[in-house]
Amino acid sequence: MIDKSQIVKKNKTIFYLTYAILLAFVVFNYETVFAILSDILALATPLYIAIIIAFILNIPMRKIEHLYGKKIKRKGLKRGLSIATTLILAVILIILFSAFIIPRLGESIALIITNIFNYADRLVTMINDTLAHFHINYAINYESIQQALTSLDLNHLLSQSGNILGNAGIHLIFQSIGIFGVFINAITSFIMAIYLLANKETHLRQLKKIVTFLFGYHRSLVIFDIGAEANHYFNGFVSGQLLESCILMFLMYVGFRITGLPFPELIAFIIGISSLIPMFGGYFGFAISFILVLAINSTQAIIFTICFVIIQQFEANIIYPRVVGGAVGISGLYVLLSLVIFGNLFGFFGLLIAVPSMALIYAVGSRVVNISLYRKHIEITDKTIKKFDE
């Protein structure tokens, strides 16, 4: 008679041996394994881009669909109109940005490059005078700076910038970065994003089926709960941060125009983009803009600082809490920690996703710890640690 327990025991032994062999292979050949996995995952790059595009477009689309839902009851028609309206608004924003902002930015950058020697001379002179005023025995050598700037071959750079705007420059860019493949991937990603938006409920249901099949009922519930929380944090943060950045950019531009500061479009754009990085991103943009203004006129640099502080305080204390609100809800310590960790791991992209990612980690970690303490009948306050009865 066949002993079933022995068969089960042998199967478990084979399984553990196989697992140990595979684990040892991965550990001793981790570079090769990671390279193969990276190549496999890279095959679906358009899908990842499509998910990001769909996620961003879904933020305004949900609100538009809610408005259409008051008048239109047919789901397919309502979804189609919502997607079309969202795309039309996105195209309008891109056209406005291309027509009004980009030319102004180009003019400002060209003016800075053309007069960079004069700006550098003024800035170095101003810094040396300030150091001498405070009796600091140090002076910046302008000749070395001038030599470094000369080695950049600014005239060649300017001529190349002009060519880039023409067909020849565009042709060179197309050849150098393989723009045809990039263009195909972009179109593919965009079409996939439209499909994701049009049938998002179906795709979510399919994803839930796969997750439940792989992890089982109880674990899949936990995964779905974490996913819903991640969606909440990223939705609130991304939509709020983008809107807040646009508002700050507009306020800065209006303020700089009224006060007559140089390069208002460029400076407002720098501050607005840098404000996407929470906490100190705006101040990083301020430092770059301050140097630009200081190189032209020291009095205007003071006006710029006053203008920046007033607008930034107004935005931080009145607009930011209303726009972003409590979507993230973690302390400044965790915000700084997230920026350091995610910035070191993923660079600039890591800085953009740091805060909502840390909020999700904090929320999930807090839930796990609190549930564990509750099951062990432990209650912790800021002063005491005690056990309670069931």
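Here the structure is shown first, and the text comes after it.
Residues numbered from 1 in each chain as written. Predicted model: local features only at pLDDT ≥ 70, side-chain atom pairs only at ≥ 80, totals over all residues. Heavy atoms only, no water.

(A) Representation of the overall build of the protein within the structure. Tallying secondary structure elements over the protein gives 15 helices and 2 strands in all. Here the protein holds 390 residues, and the buried ones make up 27% of them. A separation threshold of at least 6 residues defines the contact pool for the protein, and within that pool the share at least 24 residues apart is 62%. (Helix = DSSP H or I, 4+ residues; strand = E, 2+ residues; numbered from the N terminus. Buried < 20%, exposed > 50% of the residue type's maximum accessible area, 1.4 Å probe, protein only. Contact = heavy atoms within 4.5 Å.)

(B) Looking closely at the packing of aromatic side chains. Inspection of every chain in the model, using the stated rule, returns 6 aromatic pairs. Measuring from centroid to centroid gives 6.2 Å for Y283 and F308, while their planes differ by 70°, and the two rings are edge-to-face. Linking Y283 in helix 13 (residues 281–296) with F308 in helix 14 (residues 298–323), this pair joins segments that are 25 residues apart in sequence. Its relative accessible area of 41% is what places Y283 among the partly exposed residues. Aromatic pair F304 and F308: ring centres 6.3 Å apart, planes at 35°, arrangement tilted. Taken together, the residues F304 and F308, both in helix 14 and 4 residues apart, mark about one turn of the helix. Like F308, F304 is buried. Through a chain of ring-to-ring contacts, three or more aromatic side chains come together here, namely F256, Y283, F286, F290, F304 and F308. (Phe/Tyr/Trp six-rings, centres within 6.5 Å; stacked < 30°, edge-to-face > 60°.)

(C) Here's a closer look at helix 13. Compared with an ideal rise of 1.5 Å per residue, which puts 16 residues at 22 Å, helix 13 spans 24 Å between its outermost C-alpha atoms and is within 8% of the ideal. Taken together, the buried positions of helix 13 are occupied by G281, G282, G285, F286, S289, L292, V293, L294 and A295. (Expected span 1.5 Å × (residues − 1).)

(D) Up close: helix 12 (residues 264–274). The buried fraction of helix 12 is high, at 9 of 11 residues. Taken as a whole, helix 12 has its buried residues at P264, E265, L266, I267, A268, I270, I271, G272 and S274.

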